[in-house]
Amino acid sequence: MLPPTDPHAVVDQLFREESGRVVATLIRVLGDFDLAEEAVQEAFLTALETWPSRGIPDNPGAWIMTTARNRAIDRLRRRKRLAEKAELLGREAAIEAEVAAVDPEASIDAESDVSPIADDRLRLIFTCCHPALAIDARVALTLRTLGGLSTPEIARAFLVPEVTLAQRLVRAKRKIRDAGIPYRVPPDHDLPERLDGVLRVLYLVFNEGYGASSGDRLIRRELSTEAIRLGRVLVDLMPDEPEALGLLALMLLHDARREARTGGDGELVLLEDQDRGRWNRPRIDEGRELLERALRMRRVGPMQLQAAIAALHDDAETPADTDWQEIAGLYAALRRIEPTPIVELNRAVAVAMALGPEAGLRLVDALVAGGELDTYPYLHAARADLLRRLGRSSEAAAAYTRALELTANEAERTFLDGRLAEVASG
Amino acid sequence: MRYLLLIYTQEQLEPTGDAAGAEFAAYGAFTNEVRDRGIYQAGEALRPTTTATTVRVRDGQTVTTDGPFAETKEALGGFYMVDATDLDDAIQLAAKIPGAKHGSIEIRPIFEYGAAEGSSSEAVGAAG
């Protein structure tokens, strides 16, 4: 017996931490996403029903695994009986196929089969993030099967109707089955590209939870926490992949500022205005250690570079202490790997901070001439800010006006309105 | 698992002269590769869409028109049918088809009726 704890709390925590692992193992054994998920959910329900009266078992994780396996066998037997009746109706082919593919006698009676292989969750991550699935399906599937988030929770986080999200999950699982998406860790020659895809999904989940846009704040926080948790799982399973370490470091180094980046009314507080005393130091330290471990492997990548930039911001005791020169250099390195205008805009801002607004404006004007970011509000807001600092008020006002036209976010509009009034009166 | 690999290319951009010869040889090499692996089931090149005829039956009337239904940039130019291990295997094969370099390959799993006994595939992914 464990020390007397509230069984509900134990089940809740166990669900978050263990359901992904148990689902992953059962999918391998059963070869069926839905059956595995349903069986695991039933096992947790049984735990909620029985643990309060009978006590929490010594090894709750193993108990859940065994119970889920038994539930799966029950379900398969029921399906088999259904199949016998259906045969009379002449529909044997479809159902026989289903039962034959997941024969309970053949595959799960042996106890050893459900002993979790560390690889199971890794297989599941790569299957859920397969490039043949649409990106929104990858995100939903990862959160649902590995994160144990419920369909309504994910729907609320991404502001889509529950029905839409449920359909997205059904379609994704059907494609995995019907298109023959394999349930395995990709071979070495595919690994760099496929791992990159997994990291992108996790980073997207993190950003969705970190971004200042709209949505239920509690659920959003949950997304970031979940992305970090899955990032830790990935680092545990692939300790020699510097970009996996880099992603975890990047998420921790950003998440450390979470408390300081919203004000009392939920408004966004810019990095330079944040109370740095409210930054989470242990998180920063952990992030930096992970980043150093990654950098020692000498295979630099975009996640590590972005983590290094975040670390430089976290290192500065005041905004004035920020090493902008170094940050501009890191953005230049990032641009060589990911030559996107957004990266170039970030570099321009860092250059302006390091060398003065004039140098930054030259780069920003080149981006404006390129035209690719014309509808991107931050381009015009950044340009407006540089013009303002150079005292070119009327040009600054025009750029602020353009940024305002493109921004829907209330907090950002308030900020831009204030700046516009300032340059218009000055 | 059987997959149809549909080769879509822009007919105007088809290689000519020496390049056409090189592409023909590359297709030959690809065909030999899938034959050697024992996964080749079928493969053909199609004559261009200028030779195509479209048939529809509406209200019991057969309507025949010249050419493909819609003016599309990329047209179906040929196909392979292979018995690949799984989608990853099929993706790798598709990437080796010469037309992938200037056109695109659509991978479609074959609908196997009575999949349980018919398919030679390994049970991967969510079999069911």
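Residues numbered from 1 in each chain as written. Chains lettered and ligands numbered in written order. Predicted model: local features only at pLDDT ≥ 70, side-chain atom pairs only at ≥ 80, totals over all residues.

**So, the confidence of the model for chain B**
Residues and elements named next belong to chain B.
- Residues with a pLDDT of 70 or more make up 85% of chain B, whose mean pLDDT is 85.
- Confidence scores differ between elements of chain B, with helix H3 (residues 115–118) showing the lowest mean pLDDT of 44 and strand E6 (residues 104–109) the highest of 97.
- Note on residues 116–128: pLDDT under 50 across the span, and 39 contacts to partners over four residues away in sequence or across chains.
- Scoring the predicted complex yields pTM 0.79 and, for the interface, ipTM 0.79. (pLDDT = per-residue confidence, 0-100. Helix = DSSP H or I, 4+ residues; strand = E, 2+ residues; numbered from the N terminus. Contact = placed C-beta atoms within 7 Å.)

**Focus: the packing of helix H17 (residues 357–370) of chain A against helix H18 (residues 377–389) of chain A**
All names here are of chain A.
- Relative to each other, H17 and H18 sit at 145 degrees, their axes nearing to 10 Å. Two packed elements cross with a definite hand, and for H17 against H18 that hand is left-handed. Here Pro357, Gly360, Leu361, Val364, Leu367 and Val368 of H17 come into contact with H18, specifically with Leu379, Ala382, Arg383, Leu386 and Arg389.
- Split into classes, the residues belonging to the contact of H17 with H18 amount to eight nonpolar, one polar and two charged. (Axes fitted to C-alpha atoms, helices over the stretch in contact; angles between N-to-C directions. Left-handed = near helix turned anticlockwise from the far one by under 90°. Nonpolar A, V, L, I, M, F, W, Y, C, P; charged D, E, K, R; others polar.)

**Observations concerning the sheet that holds E6 of chain B**
All names here are of chain B.
- The strand order across the open sheet built from four strands is E2-E5-E1-E6, with neighbouring strands paired in antiparallel fashion. For this open sheet the edge positions go to strand E2 (40–45) and E6, each flanked by a neighbour on one side alone. Direction aside, the axes of adjacent strands within the sheet are offset by 20 degrees on average.
- The sheet contact formed by E2 and strand E5 (residues 75–83) spans five bridges and is antiparallel. Within the sheet, the bridge partner assigned to alanine 42 lies in E5 and is methionine 81.
- Of the strands in this sheet, E2 and E5 touch helix H1 (residues 17–36), which is tilted by about 165 degrees from E2. (Pairing = 2+ DSSP bridges.)

**Here we look at the packing of helix H14 (residues 302–315) of chain A against helix H15 (residues 324–337) of chain A**
Residues and elements named next belong to chain A.
- For the pair H14 and H15, interaxial distance at closest approach is 10 Å and the crossing angle is 165 degrees. The angle between H14 and H15 places the two elements in the roughly antiparallel class. With respect to the hand of their crossing, H14 and H15 are arranged in left-handed fashion. Note on element contacts: H15 touches H14 through Glu326, Ile327, Leu330, Ala333, Leu334 and Ile337, opposite Pro302, Leu305, Gln306, Ala308, Ile309 and Leu312.
- A breakdown of the residues in the contact of H14 with H15 according to their chemical character gives ten nonpolar, one polar and one charged. (Parallel < 35°, antiparallel > 145°, perpendicular 65-115°, else oblique.)

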